[in-house]
Amino acid sequence: MPNRRIEFVVALITIVAAAALEELFPPFLGVGFPFLMASVLAVSRRRRFVAAVFFAVAAGACEDAVSALPPFMSVGFFLAVSLIARNIPLPRGTVFIVYPLYQLYLAVWISDLNGGIFLRMLSAIPVGAAVIAVSYPVLLWLDGKAGVNDQE
């Protein structure tokens, strides 16, 4: 049985660090860098179901707070992304369309976003791909270094 305290501490540090990185990086053509979403994708495949769900909810709430979105706007999308990534074996290249889909989701529910939706979706493709491609292996490496999956 993995050590739950280590798993909790690593998840907490991951969420805080991802939120800080989202705030530190300036927007690129109207879209920010999706570090919280990339952490949800990385965590959802490697943790227990309950831990992945709680992580997705916490990361979505943190995204709402950091981005000044209405409450529970990102929670539903992050939870859906976590459940889909966990239960449906998709090819690795399909995770890069998650961030443009999130931009479309925001455009449907929020009418006063900065910039047009087409420019946001177009610029979200390389930004999301770069962040997910870089942060996914880093998060897996950090899990290994922290001993998340080690036995007690």
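Treat the numbers as computed from the prediction; the structure is a model and nothing was measured.

This structure, assessed with the given rule, holds 8 aromatic pairs. With 5.3 Å between their ring centres and 40° between their planes, phenylalanine 25 and phenylalanine 35 make a pair best called tilted. Residue phenylalanine 25 is located in the loop between α1 (4–24) and α2 (35–46), and its partner phenylalanine 35 is located in helix α2; the two are separated by 10 residues in the primary sequence. According to the relative accessible area criterion, phenylalanine 25 is partly exposed, its value standing at 37%. Members of the aromatic cluster, connected to one another through ring pairs, are Phe77, Phe78, Tyr99, Tyr102 and Tyr105.

Turning our eyes to something else, we now look at the packing of α2 against helix α4 (residues 73–87). Axis angle and axis distance: for two packed helices, these are the angle between their axes and the distance between the axes, and together they describe the pair. Here α2 crosses α4 at 35°, and the two axes come no closer than 8 Å. Seen along the crossing, α2 lies across α4 with a hand that is right-handed. Where α2 approaches α4, its residues Leu36, Met37, Val40, Leu41, Ser44 and Arg45 are matched on the opposing element by Phe77, Phe78, Val81, Ser82, Ala85 and Arg86.

Here α4 spans 22 Å end to end across 15 residues, near enough to the 21 Å set by a 1.5 Å rise per residue. Those residues of α4 that fall on the buried side of the exposure criterion are Met73, Ser74, Val75, Phe77, Phe78, Val81, Ser82 and Ala85. Buried residues belonging to α4 abut α2, α3 (49–67) and α5 (98–109).

Okay, α2 next. Spanning 12 residues, α2 covers 17 Å between terminal C-alpha atoms, matching the ideal 16 Å at 1.5 Å per step. Across the 12 residues that make up α2, a large majority, 10, are buried. Every buried residue of α2 is listed here: Phe35, Leu36, Met37, Ala38, Ser39, Val40, Leu41, Ala42, Val43 and Ser44.

Residues Leu36, Met37, Phe55, Phe77, Phe78, Tyr99 and Tyr102 are the most contacted members of the largest nonpolar core, which totals 31 residues. Where this core is concerned, the elements lending two or more residues are α1, α2, α3, α4, α5 and α6 (117–146). Sorting elements by how many residues they give to this core places α2 first, with 7 residues.

How each quantity is defined
Residues numbered from 1 in each chain as written. Predicted model: local features only at pLDDT ≥ 70, side-chain atom pairs only at ≥ 80, totals over all residues. Heavy atoms only, no water. Phe/Tyr/Trp six-rings, centres within 6.5 Å; stacked < 30°, edge-to-face > 60°. Helix = DSSP H or I, 4+ residues; strand = E, 2+ residues; numbered from the N terminus. Buried < 20%, exposed > 50% of the residue type's maximum accessible area, 1.4 Å probe, protein only. Axes fitted to C-alpha atoms, helices over the stretch in contact; angles between N-to-C directions. Left-handed = near helix turned anticlockwise from the far one by under 90°. Contact = heavy atoms within 4.5 Å. Expected span 1.5 Å × (residues − 1). Core = buried A, V, L, I, M, F, W, Y, C linked by side-chain atoms within 4.5 Å.

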